[in-house]
Amino acid sequence: LAMPDVSLGGNFTLESAASLLGDMTCSAAFCLIYLYTSELAPTSHRGMIMSMSSATARVGSFAGTYVSLLYTITDRRVPLALFAGMTCIFMVAIWFLSDSTGKNIPETPLDVEILAGNTDFVDKQHQELKNVEED
C-alpha cells in the first residue's frame, strides 16, 4: 500500500491521480448498484428499498469526507488503505449477486419466496388464501 511520491506536474501527484481514479470508480459502482437494486426489488417494495439505499449512500458520502481528516492524524497510507480495503470487500460482495438476465423479476414478496424455493412459506400463504376465500 505504499504510494511513491511522484510529481505529475504542479501540485498534482500520483496519489492525487489514484484518488481521482478511485473516486470515479466508486461513483460508477454506486450507479451500477443503484440500478441493480431497482431491478431486483419487488415492485411493491421498490420505493422503500430505493429510499433506504439512497439514505445509506448519503451517510456513506457524508462519512467519506471525514476520511481526509485522517491525513492529519495518521500516516497517509491509512486513508488509502481504508478506501482500497472497502473497495475490495464490496467487489467480493458484488461477485456473489445473481444474474437476472432472462429471468422474471419478482413483483410481490410471495414471488420472491417462490424464486427462493421457500416451499413452506408458499404453502402457508396458499393455505391462508384458501381460508380467506372459504370465509
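Note that the structure is predicted; figures quoted are calculated from it, not measured.

1. With respect to the overall build of the chain
Here comes step 1: A tally of helices and strands in the chain yields six helices and zero strands.
Here comes step 2: For the chain, the α and β elements follow one another from N to C terminus as α-α-α-α-α-α.
Here comes step 3: By the compact-globule yardstick of 14 Å for 135 residues, the chain is too spread out, its C-alpha radius of gyration being 22 Å.
Here comes step 4: Taken along the three principal axes of its C-alpha coordinates, the chain extends 80 × 30 × 20 Å.
Here comes step 5: Taking all 135 residues of the chain together, the buried fraction comes to 8%.
Here comes step 6: A sequence separation of at least 24 residues applies to 48% of the contacts in the chain between residues at least 6 apart.
Here comes step 7: Working note: accessible area of the chain is about 10,400 Å², and carbon and sulfur atoms make up 67% of it.
Here comes step 8: Where the 7 positive side-chain charges of the chain centre and where its 15 negative ones centre are 8 Å apart.

2. Let's talk about a nonpolar patch on the surface
Here comes step 1: Side chains of Ile33, Leu40, Leu82, Met86, Ile89, Phe90, Ile94 and Leu97 sit close together on the surface and give an oily, nonpolar patch of about 670 Å² of accessible area.
Here comes step 2: Looking at the nonpolar patch, the elements that each hand over two or more residues are helix H1 (14-40) and helix H4 (77-95).
Here comes step 3: Within the element layout of this structure, Phe90 appears in helix H4.

3. A word on the environment of Tyr36
Here comes step 1: Mapped onto the elements of the fold, Tyr36 is located in helix H1.
Here comes step 2: You can call Tyr36 partly exposed: its relative accessible area is 21%.
Here comes step 3: Separated by 61 residues in the primary sequence, Tyr36 and Leu97 have C-alpha atoms spaced 9.6 Å apart.

4. A word on the packing of helix H5 (residues 109-116) against helix H6 (residues 119-134)
Packed helices, taken two at a time, are described by their axes: the angle between them and the distance between them.
Here comes step 1: It is the contact of H5 with H6, at a shortest axis distance of 8 Å, that shows an interaxial angle of 140°. One finds that H5 runs oblique with respect to H6. Like other packed secondary-structure pairs, H5 and H6 cross with a definite hand, here left-handed. Between H5, through Leu110, Glu113 and Ile114, and H6, the contact on the second element is made entirely by Phe121, Val122 and Gln125.
Here comes step 2: Class assignment of the residues belonging to the contact of H5 with H6 gives a composition of four nonpolar, one polar and one charged.

5. Let's talk about the packing of H1 against helix H2 (residues 46-64)
Here comes step 1: Axis separation between H1 and H2 bottoms out at 9 Å; the angle between their running directions is 160°. The angle between the axes of H1 and H2 places the two elements in the roughly antiparallel class. Pair H1 / H2 crosses with right-handed handedness. On H2, the residues that touch Phe30, Tyr34, Thr37, Ser38 and Glu39 of H1 are Arg46, Ile49, Met50, Ser53, Ser54 and Ala57.
Here comes step 2: Grouping the amino acids of the contact of H1 with H2 by side-chain chemistry returns five nonpolar, four polar and two charged.

Cut-off values and rules
- Residues numbered from 1 in each chain as written.
- Predicted model: local features only at pLDDT ≥ 70, side-chain atom pairs only at ≥ 80, totals over all residues.
- Heavy atoms only, no water.
- Helix = DSSP H or I, 4+ residues; strand = E, 2+ residues; numbered from the N terminus.
- Rg over C-alpha atoms; globule rule 2.2 N^0.38 Å.
- Buried < 20%, exposed > 50% of the residue type's maximum accessible area, 1.4 Å probe, protein only.
- Contact = heavy atoms within 4.5 Å.
- Areas by Shrake-Rupley, 256 points an atom, 1.4 Å probe, with all protein chains shown as cover.
- Lys, Arg positive; Asp, Glu negative; His and termini not counted.
- Charge placed at Lys NZ, Arg CZ, Asp CG, Glu CD.
- Patch = residues over 30% accessible without salt bridge, like charges linked within 9 Å, V, L, I, M, F, W, Y side chains within 5 Å.
- Salt bridge = Lys/Arg side-chain N within 4 Å of Asp/Glu carboxyl O.
- Axes fitted to C-alpha atoms, helices over the stretch in contact; angles between N-to-C directions.
- Parallel < 35°, antiparallel > 145°, perpendicular 65-115°, else oblique.
- Left-handed = near helix turned anticlockwise from the far one by under 90°.
- Nonpolar A, V, L, I, M, F, W, Y, C, P; charged D, E, K, R; others polar.

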